[in-house]
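Examination of the molecular architecture
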Amino acid sequence: MLAVFEKSIGKPPEELNIPLIRSASPSSSCKCRREIAEVFRSLHPDSSIYNLANGNIMALSHDGENLLQPRSIVIMDDVFCIFISNLENICELKRHYGLSRHTNEPLLIIEVYKVLRDRAPYPPDQVIRDLIGTFAFVLYDAKYKNLFAARDRDGGIQFKWGVAGDGSLVCSDSPDIISEACGKSCAAFPPGCIFMSGNGLVSFVHPLHKVRAVKKKMMAVTGKTVLLCSK
């Protein structure tokens, strides 16, 4: 899975902007959005790549997919959603939102987002807190240029984000893609958190606690990695 958005849509947290320590290897250089899409396609020839306005990208591949953590995408009313894994309580959620029994996880997330966007009866942290299971998702509303991403509270899905060479925000479940796109300017997307355009990073587990950065020195490699957590 891959999602790449210009910083006007997905403004990366400042803590992800780590100065890149370049080596002689070309693969260590941060890349622009177009180059990232080419890398993803080269690694996953079976991938479906959605080229959005202004060079933004969403892409999905089933290559190497864990059958217990499937990847899926739904596009509805100019809203794109890539979802990884399953929700344990999807039947309960479908009843709560009045959805058909054929609704899958990404379609459910789109419907949840539209409720937040159009009626907003609950704060986003409350809505995402109702999702039970291991998951990660990225949703993009092309009409309103809204980005919405989240990872489950236990971090059961591998999901990372970082800053590309052109300042774009990159999200992926592939460490190779993140490394190629962002060099050292990346980190694991913090478990139990949501990221929304305009709101930044918020914990849905501890919504009253500010999410802050913690810098941790790496033992074997020069440089630093950034972990974002709720304190």
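Only a predicted model underlies this, so the values are computations on that prediction, with no experimental measurement involved. (Residues numbered from 1 in each chain as written. Predicted model: local features only at pLDDT ≥ 70, side-chain atom pairs only at ≥ 80, totals over all residues. Heavy atoms only, no water.)

**Comments concerning the environment of Pro207**
- Mapped onto the elements, Pro207 comes out in the loop between strand 12 (200–203) and strand 13 (211–217).
- A residue is classified by how much of its surface remains accessible, and Pro207, at 32% relative accessible area, is partly exposed.
- A sequence separation of 15 residues divides Pro207 from Gly192, and the C-alpha atoms of the two residues are 9.8 Å apart.
- Those residues in contact with Pro207 that lie beyond four places of it in its chain are Asp125 and Arg129. (Helix = DSSP H or I, 4+ residues; strand = E, 2+ residues; numbered from the N terminus. Buried < 20%, exposed > 50% of the residue type's maximum accessible area, 1.4 Å probe, protein only. Contact = heavy atoms within 4.5 Å.)

**Let's talk about the sheet that holds strand 4 (residues 71–76)**
- If you trace the six strands from one edge of the open sheet to the other, you get 4-5-6-7-11-12, paired in antiparallel fashion. The sheet is open, and its two edges are formed by strand 4 and strand 12, each paired on a single side. On average, each strand axis in the sheet is tilted by 10° relative to the strand beside it, whichever way the strands run.
- Here strand 4 pairs with strand 5 (residues 79–85) via six bridges, running antiparallel. Within strand 5, the position partnered with Val74 by the bridge is Cys81.
- The sheet contacts of helix 3 (residues 105–118) involve strand 4, strand 5, strand 6 (135–141) and strand 7 (146–151), and relative to strand 5 the element is tilted by about 130°. (Pairing = 2+ DSSP bridges. Axes fitted to C-alpha atoms, helices over the stretch in contact; angles between N-to-C directions.)

**Describing the side chain of Ser168**
- Looking at where Ser168 falls in the secondary structure, it is placed in the loop between strand 8 (160–163) and strand 9 (169–172).
- Side chain to side chain, Ser168 and Asp166 meet in a polar contact 2.8 Å long. (Polar contact = N/O pair within 3.5 Å; in protein donor to acceptor, adjacent residues only side chain to side chain.)

**Focus on the confidence of the model for the chain**
- In the predicted model, the chain carries a mean pLDDT of 85, and the fraction of residues at 70 or more is 85%.
- Of the regions scoring below 50 in pLDDT, residues 20–28 engages in 17 contacts with residues more than four places distant in sequence or in other chains.
- Counting interchain partners and residues more than four positions distant, the pLDDT-below-50 stretch residues 217–227 has 26 contacts. (pLDDT = per-residue confidence, 0-100.)

**Some words on the pattern of salt bridges**
- What the rule picks out here adds up to eight salt bridges.
- A salt bridge links Asp173 to Arg71; its shortest N-O distance comes to 2.8 Å. With Asp173 in the loop between strand 9 and helix 5 (175–182) and Arg71 in strand 4, the pair connects residues that are 102 residues apart, well separated along the chain. Of the two residues, Asp173 and Arg71, both sit in the buried class.
- Notably, a salt bridge pairs Asp141 with Arg117, separated by 2.8 Å at the nearest N-O pair. Note that Asp141 is positioned in strand 6 and Arg117 in helix 3, a separation of 24 residues in sequence.
- With relative accessibility at 0%, the residue Asp141 sits in the buried group.
- Assessed through its relative accessible area of 28%, Arg117 is described here as partly exposed.
- Through salt bridges with shared partners, one network takes in Arg117, Asp118 and Asp141. (Salt bridge = Lys/Arg side-chain N within 4 Å of Asp/Glu carboxyl O.)

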